[in-house]
Amino acid sequence: MDLRWIFAHGLQNVWWRPRKELEKTVVSLLQKNGLEVKNMYGQGYDGAANMSGMYNGIQARIRTLNEKALYVHCKAHCLNLVLVVASKSNKHFVTFFNLVEKLYAFCSGSSKRHAALVRLQQSLHPKGRIVELKRLSDTRWACREQALKALQKNLEAIMMLLNEICERIPPDLALGDAKMYSNAINFAFILCMEITTPAFEVTALASNALQEEGLDHSTAYKLIDGVIHTIQALRSEEKFAEIFQGASEKAEALNIPLPTVVPGQERKRKVPVRFNQSTTASQVSDEIDSLESYYRKNVYYTFIDTLTAELNRRFHRSITGSPTGSIIWSFHSLTVCANWTSTPNPEAEEAVHVLCDFYEENEDQLKTEVKVFHSSFPSKNLQEILAIVEENSGQLIFPTFVKMVRIYSTLAAFTWHI
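Residues numbered from 1 in each chain as written. Predicted model: local features only at pLDDT ≥ 70, side-chain atom pairs only at ≥ 80, totals over all residues. Heavy atoms only, no water.

### Thoughts on the environment of Lys153
Within the fold, Lys153 resides in helix 8 (residues 144-167). The exposure class of Lys153 is partly exposed, given its relative accessible area of 40%. Between the C-alpha atoms of Lys153 and Ile130, which are 23 residues apart in sequence, the distance is 9.4 Å. (Helix = DSSP H or I, 4+ residues; strand = E, 2+ residues; numbered from the N terminus. Buried < 20%, exposed > 50% of the residue type's maximum accessible area, 1.4 Å probe, protein only.)

Below you can see the structure in the form of structure tokens.
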């Protein structure tokens, strides 16, 4: 039975109810459709505290009725949270995203200013397609990639619009805002745009894939591994030098001056002579030697490192100390053929221990079944494993292994479409 069908045809109004009432509503709705909580293997929500709370959330209450009903945090929502954290990794990015949203509101909030922006776009690109500015989504950060690409395309026209408003006689009512935004679009703003756009392009691709119908955890993990590898490849002096050069050229084309001193070092502190040889003196005098070095270390690397760390924390075993994170990662280890066809893999064997301990299965039996299965039927992913099991009466030959992969396949990787 398709649970999405049940909830689509059995929706109940729960605008506000205490958690215990929500629990009763969920259990009652399942029972009306012939589904018992004792037979549940998984439950999926976003990160809202009333649903995902470790102690009093709906998932915790359901698990008091059936501890094996694992709570799975929606993978698309996890990616969203990764981007939220990365975008707050430095004050420059916080300022950048605030200004992007204000520019959208300023240019699109007035039909007169919107028409002027379109006119300026047409004058710059007579044969090009008009690209509308897009609002930054408050909930789906991966969708911000479209807003950033639209900003890149429109930035010159936006600067022309702001300058046009500032020079109008008699003065335009929006003169104050136009001056403020014009002054705020500085080199750091352009650099943040050049840094975040390629990273958000990668995560937008992953976000769309994570919401595909039928996506399983095994595929989600492989996809995120690819994203992490791609993001890590961006972390190099050569790549930043390319980005810095591109930002510098754009700033020059827009008549935006580059800073002449490293931020935070506008005024040098004089160190008393008696402290010249002390550790305090070395700390005070420890200055970054160039503007490019400052932005590489304090802005670019900080953003990339935060993004990578959050992806690992939320998608890999290191996520949490929670049993669910460890169990789901253990399921994934069972499906990786290379873990079982080469030399013994301690992490994979630990995965067998975790699963057998939780589901009360025979550890030696599962280990033997997994090794024989992968040696007999090389497979690339969970879908191939399920197909092989179906074609070869696998449940009769590998009963424990088949039980594990079937449980794994029932756990929803995302919940946004449910």
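### Here we look at the pairing of strand 1 (residues 42-45)
Of the two faces of strand 1, the one holding Gln43 and Tyr45 is buried and the one holding Gly42 and Gly44 is not buried anywhere. Where strand 1 and strand 2 (residues 70-73) come together, four bridges link them in parallel fashion. Bridge pairing links Gly44 to Val72 in strand 2. (Pairing = 2+ DSSP bridges.)

### Description of the packing of aromatic side chains
Enumeration over the complete set of coordinates arrives at 19 aromatic pairs. The interplanar angle of 40° and the centroid separation of 5.9 Å between the aromatic rings of Phe97 and Phe200 together place this pair among those described as tilted. With Phe97 in helix 6 (residues 91-108) and Phe200 in helix 10 (residues 187-210), this pair connects stretches of sequence that are 103 residues apart. The same class applies to Phe97 and to Phe200, which are both buried. The structure contains a cluster of three or more aromatic residues connected by ring pairs, namely Phe187, Phe240, Phe244, Tyr294, Tyr295, Tyr300 and Tyr301. If you follow Arg113 out to its NZ or CZ, it ends over the ring of Phe106, 4.3 Å from the centre. Across from the ring centre of Tyr301, 3.9 Å away, lies the NZ or CZ of Arg235, which sits over that ring. (Phe/Tyr/Trp six-rings, centres within 6.5 Å; stacked < 30°, edge-to-face > 60°. Lys NZ or Arg CZ within 6 Å of the ring centre and 35° of its normal.)

### Comments concerning the packing of helix 10 against helix 11 (residues 217-233)
Running from N to C, helix 10 and helix 11 point in directions that differ by 175°, and their axes come no closer than 10 Å. Between helix 10 and helix 11, the crossing angle belongs to the class labelled roughly antiparallel. Residues Ala199, Val202, Ala206, Ala209 and Leu210 of helix 10 form the contact with helix 11, whose own contacting residues are Ala220, Leu223, Ile224, Val227, Thr230 and Ile231. Looking at the contact of helix 10 with helix 11, its residues break down into ten nonpolar, one polar and no charged. (Axes fitted to C-alpha atoms, helices over the stretch in contact; angles between N-to-C directions. Parallel < 35°, antiparallel > 145°, perpendicular 65-115°, else oblique. Contact = heavy atoms within 4.5 Å. Nonpolar A, V, L, I, M, F, W, Y, C, P; charged D, E, K, R; others polar.)

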